Amino acid sequence: MNKLDEKTIKSEEIFSGKIVSLHLQEVELPNGKTSKREIIKHPGAVAIIAVTNENKIIMVEQYRKALERAIVEIPAGKLEKGEEPASCARRELEEETGYECESLELLTSFYTSPGFADEIVHVFLAKGLTKKENSAALDEDEFVNLEELTLEEALQYVKEQKIYDAKTIYAVQYLQLQEALKK
């Protein structure tokens, strides 16, 4: 089968929330039959691998209701309508950690769950960090504990499942690879 496209016959928005919307789509399959798809629409997000001059990784611990537990993550956040990913990354870094950066490099972008969602995450590397005295505030429903981890500590957190999400595991593995390439 060469052509794998699915043609949307009908799409209905079932739910529209603050962050995501859910669409029920009827699609025509490559073999001519029809099926239903439940699609989550998301505005996209950024994630920031922030490394201090002392080679510590800036992380935030926060409670994730979907998991019913707190996990340690790299700073991240949702794109606002019309916002450029780099601007969002700088904003989220400051809001969640109180740091600003001299340099910001886009490393990659990836889809989190392409089987049912269109969320894309843009991952940035931030260096030249300085702590701001009067940084932007967290969102009113956001509570975090700031952590600064060595690469070894981050790897241990992965083993202990304190770090348990894909973007942060990607960040730790990226930094581990960079260390290996230096040798």
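Heads up: these notes are all about the structure in this document.

Scoring rules and cut-offs
- Residues numbered from 1 in each chain as written.
- Predicted model: local features only at pLDDT ≥ 70, side-chain atom pairs only at ≥ 80, totals over all residues.
- Heavy atoms only, no water.
- Axes fitted to C-alpha atoms, helices over the stretch in contact; angles between N-to-C directions.
- Helix = DSSP H or I, 4+ residues; strand = E, 2+ residues; numbered from the N terminus.
- Parallel < 35°, antiparallel > 145°, perpendicular 65-115°, else oblique.
- Left-handed = near helix turned anticlockwise from the far one by under 90°.
- Contact = heavy atoms within 4.5 Å.
- Nonpolar A, V, L, I, M, F, W, Y, C, P; charged D, E, K, R; others polar.
- Pairing = 2+ DSSP bridges.
- Salt bridge = Lys/Arg side-chain N within 4 Å of Asp/Glu carboxyl O.
- Buried < 20%, exposed > 50% of the residue type's maximum accessible area, 1.4 Å probe, protein only.
- Core = buried A, V, L, I, M, F, W, Y, C linked by side-chain atoms within 4.5 Å.
- Arc of directions from axis to C-beta.

**Some remarks on the packing of helix α2 (residues 151-159) against helix α3 (residues 166-182)**
And step 1. Two numbers describe how α2 lies on α3: the axes approach to 10 Å, and their chain directions differ by 140°. The angle between α2 and α3 falls in the class oblique. α3 is crossed by α2, and the crossing has left-handed handedness. Along the contact surface, α2 presents L151, A154, L155 and V158, while α3 presents I169, V172, L175, Q176 and E179.
And step 2. Residues belonging to the contact of α2 with α3 are distributed by class as follows: seven nonpolar, one polar and one charged.

**Section: the sheet that holds strand β3 (residues 34-41)**
And step 1. Spatial ordering of the open sheet is given by β1-β2-β3, a layout of three strands whose pairing is antiparallel. The outermost strands of the open sheet, each flanked by one partner alone, are β1 (7-16) and β3. The mean angle between the axes of side-by-side strands here comes to 20°, regardless of whether they run parallel or antiparallel.
And step 2. Relative to β3, strand β2 (residues 21-28) runs antiparallel, the two being bridged by eight bridges. Counterpart to H23 in the pairing with β3 is I39.

**What to know about the pattern of salt bridges**
And step 1. On inspection of all chains with the given rule, the structure shows 14 salt bridges.
And step 2. E80 serves as the salt-bridge partner of K78, at 3.7 Å between the closest nitrogen and oxygen.
And step 3. When its relative accessible area of 23% is taken as the criterion, K78 is described as partly exposed.
And step 4. For E80, a relative accessible area of 41% puts it in the partly exposed group.
And step 5. In this structure, the salt-bridge partner of R91 is E92, at a minimum N-O distance of 3.0 Å.
And step 6. Looking at E92, the relative accessible area reads 5%, which means it is buried.
And step 7. Because the salt bridges share partners, they merge into one network encompassing R64, E73, D165 and K167.

**Observations concerning the nonpolar core**
And step 1. Grouped together as the largest cluster of nonpolar side chains are 21 residues, with contacts concentrated most on I49, M59, A154, I163 and L175.
And step 2. Secondary-structure elements contributing two or more residues to this core are β4 (45-51), β5 (57-64), β9 (120-131), α2 and α3.
And step 3. When sequence neighbours within four positions are dropped, the list of residues in contact with I163 reads M59, V72, A154, Y157, V158, T168, I169 and V172.
And step 4. With 13 residues, the next largest nonpolar core counts A50, L79, C88 and A126 among its residues.

**Considerations on α2**
And step 1. Taken as a whole, α2 has its buried residues at L151, A154 and Y157. The buried residues of α2 occupy an angular sector of 115° when projected down its axis, which confines them to one face. In α2, the exposed positions that point more than 90 degrees away from the buried face belong to E152 and K159.
And step 2. Those residues of α2 that are buried lie in contact with β5, β6 (69-73), β10 (145-149) and α3.
And step 3. In the segment just after α2, Q161 is the residue with positive phi, at about 60°.

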